[in-house]
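Observations on chain architecture
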Amino acid sequence: MINDHIQKQEGGDQSTNLQCQNLVYNQGMSVTEYRAVALDVFNANFLRLSREAAEIAIIRATSITQTFFNELQEKNEAALEQMRDPAMQSALFEAQKQYVKSGDSNLESMLVKMLVDRASFTTRNTKQIALDEALSVVNKLTEEQLDILTLNFSLTSLYRSVGNIDELIRFIKNEIMVFVNDVEYHESWFSHLAYCGCVTFMSGQWYKGAEFFLLGQYPAMFQKGFDKSELEASIGFPVDTNFEKTLFMLNFHSVNKLQFNAMNTKSLTEKAKMLELEEETISKLIKFYSDQLMNESEVLDFIKEKIPEFELLSKKWGGEHNTISAMKLTSVGTVLAQANYTHKVGDIEFDLGHWIK
């Protein structure tokens, strides 16, 4: 393998009081008070509605507010202090508005995830701005459009640690194919994604198949394998036991062959330097590594054999106009893709700073 009280609380006019244990952070406002303030802000600013609609609105606003504070208290309690910031209160109000208008539980989950992330940024920066914008955009997109963003993200920008073929196949099935369905894509969807500031498009002549990105991200999974004598002939000297233990492993695809115990050429270079090999030898190793990889067609055939439904992904990825493959996510698109990924795949913590500076 590649290596609990009686409670009393008060709220302002028109506020909705929520009962909970009176937890105080740094002798500041309690969680209850933060929630009451957040609902006061909503009541004071949201449109005046009919009685029935107003009742629905406050139920939804209370739900997302309660869920948000529960999540924030669990994952980043110190960030409760951010609720003193007008910008953070505005972000929460924006999320309340979006969920009140929709009532969709999936949307609520994504909004809460983005709010928790938003609370972690104490200074104004690109990540904070992207999260604020994403909170106002997410309700403008359909589930299918969010899946399109996430499919692009998971194939072109995401790297997941896998140690063998089985782990790679599980990753593709559980964390990529979940964003693929048999709904026919419409060209207008992509124009809408661009209009909402989620994507830009590269040249119409630019196209790379889905298999191209899997090969690029996980080359070690697609080594054809070699005999030791082949490598020795390529580098010009016999290899010793230490060399073999450090750089070799049994091939994933052929039991009688070897492959490099390195996910990519960067890892191979690091291991070769540990062996104090000369630069010329390292260059030969890198070339040999690249030369014995499957080509894109072979990669596609192999994945389709393991995951027949990958054929659908491949077709959608290219499509009539190669539209998904030509998409480049903006910072807002990246935030939404990650929120949707977390919602559908599981409680995965992304470091937004890896993609947005």
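What counts and what doesn't
- All residue numbers refer to positions counted from 1 along the written sequence of the respective chain.
- Reporting of local features is limited, given that this is a predicted model, to residues whose pLDDT is at least 70; pairs of side-chain atoms are given and counted only at 80 or more, and all residues count toward the totals for whole chains, interfaces and linings.
- With hydrogens and water excluded, all non-hydrogen atoms of the structure serve as input to the side-chain values.
- Elements are defined by DSSP. Helices are runs of H or I of four residues or more, strands are runs of E of two residues or more, and each kind is numbered from the N terminus.
- Only protein chains enter the accessibility calculation, which uses a 1.4 Å probe; a residue whose area is less than 20% of its type maximum is buried, one above 50% is exposed, and one in between is partly exposed.
- Surface exposure here means Shrake-Rupley accessible area, sampled with a 1.4 Å probe, where a residue is shielded only by the protein chains that are shown.
- We define a salt bridge as a contact between a side-chain nitrogen of Lys or Arg and a carboxyl oxygen of Asp or Glu at a distance within 4 Å.
- Any two cysteine sulfur atoms lying within 2.5 Å of each other are counted as a disulfide.
- Note on definitions: the grid is 1 Å and covers protein atoms alone; a cavity is a set of points where a 1.4 Å probe fits but cannot get out; a pocket is an open set with protein on both sides within 12 Å along at least five of seven lines; lining residues have an atom within 4 Å of a point.
- Grid points are joined across faces, edges and corners, and a volume is the space filled by probe spheres set on the points.
- Under the scheme applied here, ten amino acids are nonpolar (Ala, Val, Leu, Ile, Met, Phe, Trp, Tyr, Cys and Pro), four are charged (Asp, Glu, Lys and Arg), and all others, including Gly, are polar.
- pLDDT: the predictor's confidence for each residue, scored from 0 to 100.
- Two residues qualify as a contact provided that any one of their heavy atoms is within 4.5 Å of a heavy atom in the partner residue.
- Arc, as used here, means the arc of the directions from the helix axis to the C-beta atoms.
- Side-chain rings of Phe, Tyr and Trp, where Trp is taken by its six-membered ring, are said to pair if the distance between their centres is within 6.5 Å; with planes under 30 degrees apart they count as stacked, over 60 as edge-to-face, and otherwise as tilted.

Remarks on the overall build of the chain
Helix and strand content of the chain: 16 helices and four strands. In the chain, buried positions account for 48% of the 357 residues. When the accessible area of the chain is evaluated, it comes to approximately 18,000 Å², of which 47% is carbon and sulfur surface.

Quick look at the pattern of salt bridges
By the definition in use, this model includes 15 salt bridges. Between D147 and K344 there is a salt bridge, and its shortest N-O distance comes to 2.8 Å. Within this pair, whereas D147 is found in helix α6 (residues 143-156), its partner K344 is found in helix α16 (residues 331-345), the two being separated by 197 residues in sequence. For K344, a relative accessible area of 25% gives the class partly exposed. Residue K304 is joined to E311 by a salt bridge in which the shortest nitrogen-to-oxygen separation is 2.7 Å. Judged by its relative accessible area of 26%, K304 falls in the partly exposed class. Judged by relative accessible area, which is 28%, E311 ranks as partly exposed. Where salt bridges share partners, they join E143, D147 and K344 into one cluster.

As for the state of the cysteines
All told, the structure shown has zero disulfides when counted by the stated rule. Lacking any disulfide linkage, C196 is separated from the closest cysteine sulfur, that of C198, by 5.5 Å. C196 sits in the buried class, given a relative accessible area of 9%. Among the residues examined, C198 registers a relative accessible area of 0% and is labelled buried.

Quick notes on the layout of surface pockets
In this structure, the largest pocket occupies an estimated 370 Å³ of space. Lining the largest pocket are 23 residues, with K75, K113, V116, D117 and E349 sitting closest to its centre. Only α2 (51-75), α4 (105-119) and α16 provide two or more residues apiece to the lining of the largest pocket. Here the lining of the largest pocket is composed, by residue class, of eight nonpolar, eight polar and seven charged.

Considerations on unusual backbone geometry
One non-glycine residue, E276, lies in the positive phi region at around 60°. Its location among the elements puts E276 in the loop between α12 (265-274) and α13 (279-291).

Quick look at the confidence of the model for the chain
Caution is warranted with low-pLDDT regions, since their predicted coordinates should not be read in detail. Residues of the chain with pLDDT of at least 70 account for 86%, and the chain-wide mean is 86. Contacts from residues 4-27, a stretch scored under 50 in pLDDT, to residues over four places away or in other chains number 42 contacts.

Overview of helix α14 (residues 296-306)
Along α14, the residues that are buried comprise V299, L300, F302 and I303. Looking straight down α14, one finds that the buried residues subtend no more than 165° of arc, so they occupy a single side. Packing partners of the buried residues in α14 comprise α7 (165-175), α9 (210-217) and α15 (310-318).

Looking at the environment of M88
Assignment of secondary structure puts M88 in helix α3 (residues 86-102). You can call M88 buried: its relative accessible area is 0%. Between the C-alpha atom of M88 and that of L115, which follows or precedes it by 27 residues, the distance is 8.6 Å. Once residues within four sequence positions are removed from consideration, M88 is found in contact with F68, Q82, M83, L115, R118 and A119.

Quick look at the packing of aromatic side chains
Under the counting rule described, the total for this entry stands at 21 aromatic pairs. Residues F212 and F213 carry aromatic rings whose centres are separated by 5.1 Å and whose planes lie at 90° to one another, so their mutual orientation is edge-to-face. Judged by relative accessible area, F213 falls into the buried class, the value being 13%. Here the aromatic rings of F226 and F248 are separated by 5.7 Å at their centres, their planes lie at 70°, and the arrangement is edge-to-face. With F226 in the loop between α9 and α10 (228-235) and F248 in strand β2 (residues 248-250), this pair connects stretches of sequence that are 22 residues apart. The same class applies to F226 and to F248, which are both buried. Taken together, the aromatic side chains of F226, F243, F248, F260, F288 and Y289 make up a single cluster linked through ring pairs.

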